[in-house]
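Residue-level structural notes
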Amino acid sequence: MSALMQTYARLPVTFSHGAGVYLYDTDGRRYLDALSGIAVNGLGHAHPAVTKAIRDQADKLLHTSNLYRIEVQEQLAETLCAVAGMDNCFFGNSGAEANEAAIKLARLYGHQRGVDKPSIVVLEGAFHGRTLATLSATGNRKIQAGFEPLVAGFIRVPRNDIQALQQVAANNPGVVAILAEPIQGEGGVHPLSTEFLQAMQDICREREWLLMLDEVQTGNGRTGHYFAYQGLGITPDVVATAKGLGNGVPIGACLARGKAAQVFGAGHHGSTYGGNPLVCAAALAVVNTIAADHLCDNALAMGQLLRDTLLADPTVAPHIREIRGAGLMLGIALQRECGELVAAALDAGVLINVTAGDTIRLLPPLIINETETLELAAAVAALIRNFA
Ligand SMILES: Cc1ncc(COP(=O)(O)O)c(C=O)c1O
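Owing to the predicted nature of the structure, the values given are computational and were not obtained by experimental measurement. (Residues numbered from 1 in each chain as written. Predicted model: local features only at pLDDT ≥ 70, side-chain atom pairs only at ≥ 80, totals over all residues. Heavy atoms only, no water.)

**Some details on the packing of helix H10 (residues 295-311) against helix H12 (residues 370-387)**
Two elements in contact, H10 and H12, have axes separated by 9 Å at closest approach and are oriented at 35°. As H10 runs across H12, the sense of the crossing is right-handed. Packed against H10, whose contacting residues are Met302, Leu305, Leu306, Thr309 and Leu310, the element H12 presents Glu370, Thr373, Leu374, Leu376, Ala377, Val380 and Ala381 at the interface. (Axes fitted to C-alpha atoms, helices over the stretch in contact; angles between N-to-C directions. Helix = DSSP H or I, 4+ residues; strand = E, 2+ residues; numbered from the N terminus. Left-handed = near helix turned anticlockwise from the far one by under 90°. Contact = heavy atoms within 4.5 Å.)

What follows is the structure, encoded as structure tokens:
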């Protein structure tokens, strides 16, 4: 422990293995995982399709380099683009890198159109990562403090404020793109309103800005659609994703469509590991399993069951201010700050998270079944009751 930089306040538990929606600690105690490694393990733990893909690939080839063609990378790109309605993609190793690629793509798009200081509209409450550019795009001062000077070129507007967006459009000729999460995850599980999403798309179309969605957390089935925008009636030009794409192997992707897909050429961006054979084999198994096992539908159904069960319980519902989110990305806002519930849940054998002070965040694996969902609902209900 002491040899690690203390960048995390860790909980006092170590897991040795997992199976499905359950994790087991080094003392053999079982936990219901309602966090999925923060929206990563959509297929749960030790999913046989992912394990097999990794084993088979490891037997053949782990890494070559992007200096050569990588068959499984091309296969993954094609599969992912078909699912997303996009034209091409770039692979990195994380969500922050997926957003970095999007930010670079937007800047280059601007320069190619003669804008020498291109800027990107971002939202208050957003979270886009911890690299310098992505923390600069993030709308949370705590994450930025101490790391100034920040990367320039981001203009912030309040979430769901159409007028502010229009004002920025009218007064900033250098804007080339908007970057936003369809549902802000780290910011407290706040969905963007339908009107705001539509306004973002309209302004982007009118002004030839790129509409760029950060689907690092919302993507890969989490909200009940492969990507959240597929349920929201908008079509982005650029999509960044990661987390659930690899189910635990480090992979991120920046997908692009139409004019955005023409921006990067040879030498514009790169990554040594990005999209190597091992991670692409795993991710391909993930994308195929999400489709084959109808996990988007399951996320919708189980998310609804979780909400309905909690709200139908008269000993719990009065203590819930609201439940936000979609599919299996749920924020249960309570009447007051509830950070202590993370440790209480751990004691009770359930892994949850609290964001924005007063909101329980649930991100269970997409494979969760009805019995496990009811077990989770009962555990969360007990936590809320005891807390209240
Ligand atoms: C919406 C969003 N974007 C970007 C990131 C950063 O991803 P990573 O930690 O893989 O760099 C996260 C991580 O929580 C996220 O939720």
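**Here's the deal with the nonpolar core**
Counting 86 residues, the largest nonpolar core has Met200 and Ile332 as its most contacted members. Looking at which element gives the most residues to this core, the answer is helix H9 (residues 277-292), with nine residues. Both domain 1 (15-33 + 294-387) and domain 2 (48-292) contribute no fewer than three residues apiece to this core. Setting aside residues no more than four positions away along its own chain, isoleucine 332 makes contact with Leu310, Ile320, Glu322, Ile323, Asp358, Thr359, Ile360, Leu362, Val380 and Ile384. Of all hydrophobic cores here, the second largest spans 24 residues; its members include Leu105, Met212, Cys254 and Ala261. (Core = buried A, V, L, I, M, F, W, Y, C linked by side-chain atoms within 4.5 Å. Buried < 20%, exposed > 50% of the residue type's maximum accessible area, 1.4 Å probe, protein only. Domains from an automatic or database assignment.)

**A short note on helix H2 (residues 48-60)**
If you check H2, its first and last C-alpha atoms are 18 Å apart, about what 13 residues at 1.5 Å a residue would give, namely 18 Å. Every buried residue of H2 is accounted for by Val50, Ala53 and Gln57. Mapping the buried residues of H2 onto a view down its axis gives an arc of 65°, with all of them on the same face. In H2, the exposed residues that point more than 90 degrees away from the buried face are Pro48, Lys52, Arg55 and Asp59. (Expected span 1.5 Å × (residues − 1). Arc of directions from axis to C-beta.)

**Remarks on the sheet that holds strand E14 (residues 329-334)**
The pairing of strands in a sheet happens through backbone hydrogen bonds and is either parallel or antiparallel. Here four strands make up an open sheet; going across it, the order is E13-E14-E17-E16 and the pairing antiparallel. Edge strands, defined here as strands with exactly one partner in the open sheet, are strand E13 (320-326) and strand E16 (353-355). Across the sheet, the mean angle from the axis of one strand to that of its neighbour is 30°, orientation sign disregarded. Across three bridges, E16 lies against strand E17 (residues 359-362) in antiparallel orientation. The partner of threonine 355 across the bridge, within E17, is threonine 359. With respect to the sheet, H10 is in contact with E13, E14 and E17, its orientation differing from that of E13 by roughly 175°. Those strands touched by H12 are E13, E14 and E17, and its axis lies near 15° from that of E14. (Pairing = 2+ DSSP bridges.)

**Description of the domain arrangement of the protein chain**
You'll often see interface size given as the accessible area lost when the parts meet. What the domain assignment reports for the protein chain is domain 1 (15-33 + 294-387) and domain 2 (48-292). Computed over C-alpha atoms only, the centres of domain 1 and domain 2 are separated by 27 Å. Every contact between the two is made by 21 residues of domain 1 and, on the other side, 22 residues of domain 2. Of the roughly 1,600 Å² buried between domain 1 and domain 2, counting both surfaces, carbon and sulfur atoms make up 61%. Looking only at domain 1, the three residues that lose the most surface to domain 2 are Cys296, Arg324 and Met329, adding up to 36% of its buried area. Run the count over domain 1 and domain 2 and you get one salt bridge. Here glutamate 186 makes a salt bridge to arginine 361, at a shortest N to O gap of 2.7 Å. If you look at where domain 1 meets domain 2, you find ten residue pairs in polar contact (both at pLDDT 80 or more). Of all the secondary-structure elements, those providing two or more residues to the side of domain 1 that touches domain 2 are H10, E13, E14 and E17. Looking at the side of domain 1 that touches domain 2, the element that brings in the most residues is H10, giving four residues. (Buried area = accessible area lost by both parts, 1.4 Å probe. Salt bridge = Lys/Arg side-chain N within 4 Å of Asp/Glu carboxyl O. Polar contact = N/O pair within 3.5 Å; in protein donor to acceptor, adjacent residues only side chain to side chain.)

**A word on the site of the ligand**
In the region of the ligand, 13 residues are neighbours, and Gly95, Ala96, Asp214, Gln217 and Lys243 sit closest. Aspartate 214 places a polar side-chain atom, nitrogen or oxygen, 2.7 Å from a nitrogen atom of the ligand. Bound to the protein, the ligand loses 81% of the 400 Å² it would expose on its own. Top contributing element to the shell around the ligand by residue count: helix H4 (residues 95-112), with three residues. (Near = heavy atom within 4 Å. Areas by Shrake-Rupley, 256 points an atom, 1.4 Å probe, with all protein chains shown as cover.)

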